[in-house]
Amino acid sequence: MRVTIITAFPEFFRDFLSTSIIGRAVETGLINVNLINLREYGFGNYRQIDDYSFGGDGMVLMAEPLSKALEKAREGHQGVDTVVYPSPQGAMLTQEMVESLASREHVIIICGHYEGIDERFAGKCVDLEVSIGDYVLTGGEIPAMAIIDAMARLVPNVVGRGGAVEEDSFFRGMLDFPHYTRPALWEGDQVPPVLISGNEKEIDKWRKQQSVQRTLRRRPDLLSRANIASYLEKGVYL
Ligand code: SAM
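Residues numbered from 1 in each chain as written. Predicted model: local features only at pLDDT ≥ 70, side-chain atom pairs only at ≥ 80, totals over all residues.

J.: Tell me about the site of the ligand, and name the residues and values.
T.: With respect to spatial proximity, 19 residues lie near the ligand, and among them Pro86, Pro88, Gly112, Gly116 and Gly140 are the closest. Ranked by residue count, the leading element in the shell around the ligand is strand E5 (residues 81-92), at four residues. Residues that form the shell around the ligand fall into these classes: eight nonpolar, 10 polar and one charged. (Near = placed C-beta within 6 Å. Helix = DSSP H or I, 4+ residues; strand = E, 2+ residues; numbered from the N terminus. Nonpolar A, V, L, I, M, F, W, Y, C, P; charged D, E, K, R; others polar.)

J.: Requested: an account of the nonpolar core, with residues and values cited.
T.: Among the nonpolar cores identified, the biggest contains 41 residues, and Ile6, Leu66, Ile108, Ile109, Ile110 and Ile147 are the most heavily contacted of them. With six residues, helix H6 (residues 141-152) is the largest single contributor of residues to this core. Excluding residues within four positions of it along the chain, Ile6 makes contact with Ile36, Leu38, Leu66, Ala69, Leu70, Ala73, Ile108, Ile109, Ile110 and Cys111. (Core = buried A, V, L, I, M, F, W, Y, C linked by C-beta atoms within 7 Å. Buried ≥ 20, exposed ≤ 12 C-beta atoms within 10 Å, placed from the backbone. Contact = placed C-beta atoms within 7 Å.)

J.: With reference to specific residues and values, describe the domain arrangement of the protein.
T.: In terms of domains, the protein is made up of domain 1 (2-152) and domain 2 (169-233). Summarising the inter-unit geometry, the C-alpha centres of domain 1 and domain 2 are found 36 Å apart. (Domains from an automatic or database assignment.)

J.: Outline the pairing of strand E6 (residues 106-110), listing residues and values.
T.: Along any regular strand the residues' side chains alternate between the sheet's two faces. By the criterion of burial, E6 is predominantly enclosed, with four of the five residues buried. The sheet contact formed by strand E1 (residues 2-7) and E6 spans four bridges and is parallel. Bridge pairing in E6 places Ile5 opposite Ile109. With respect to chirality, the unit in which E5 leads through helix H4 (residues 95-102) into the neighbouring parallel E6 is right-handed. (Pairing = 2+ DSSP bridges. Right-handed = clockwise from strand over helix to strand, strands pointing away.)

J.: Could you give an account of the packing of H4 against H6, naming the residues involved and the relevant values?
T.: Each packed pair of helices is defined by two parameters, the angle between the axes and the distance between the axes. The contact between H4 and H6 brings their axes to 9 Å, and the two run at 75°. With respect to H6, the element H4 is oriented roughly perpendicular. Side by side, H4 and H6 meet where Val98, Leu101 and Ala102 of the first sit next to Ile147, Ala150 and Met151 of the second. Residue classes in the contact of H4 with H6 are distributed as six nonpolar, no polar and no charged. (Axes fitted to C-alpha atoms, helices over the stretch in contact; angles between N-to-C directions. Parallel < 35°, antiparallel > 145°, perpendicular 65-115°, else oblique.)

J.: Describe the environment of Leu66, and please don't skip the residues or the numbers.
T.: Tracing the sequence through the fold places Leu66 in helix H3 (residues 63-74). The exposure class assigned to Leu66 is buried, which follows from the 25 C-beta atoms found within 10 Å. On a C-alpha basis, the gap between Leu66 and Ile110 in space is 8.1 Å, while along the polypeptide they are 44 residues apart. Look past the residues within four positions of Leu66 in its chain and what remains in contact with it is Ile6, Leu38, Leu61, Ile110, Ile117 and Phe121.

Spelled out as structure tokens, the structure:
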């Protein structure tokens, strides 16, 4: 997985790229993430990267610095890339979209700020606008982290235990089953006995039942796309 982030605020990413699962994945080379500071492509001594929105209030990231930063991101790489612009006006980010992005050779993420980016740059250079929800953030940095984090989980060995990723919510269109850890009894509450029975077949069946029930209760909209057949084959009932 190769990602380049173009941002006016690279400091946002320092902890993200050096902490926990993502930090380890970067350190061990499982994922390759580059940062480009948009200010380095700004105009004049002040490294200007934004200007007033024509006809209205607020600042907009200018097309030229973005274009130069994009050129830099592509330098030395002849391969095909996908330019993603996180935007509240984009298509809603889904697990399917993340899977598709994770399979691309090089993903370049343009972080907007203020009122956003010049529409002419978006029209010419952006392949995909993605939203992380119907609300507005101050910049594209947090959405960029969300996209990268979700993509990185799909890279083999980034998430430790084998199989864990495939059991998570949205894989096979279902929500995950509930998880418990030690102690088995906490404040008078016992974990479901089947989980400490040691019977793997029964545990698997229980987990699948829980997954289906949770999805039905919380996200019935997912079920139309879910691979219910694989659950029913295994004798799972509601
Ligand atoms: N004027 C824009 C609008 O109303 O559609 C909002 C701009 S927002 C304040 C600044 C930047 O934050 C955007 O360019 C985008 O990169 C990012 N952003 C904000 N909310 C987002 C969301 N829900 N999903 C993805 N990116 C978002």
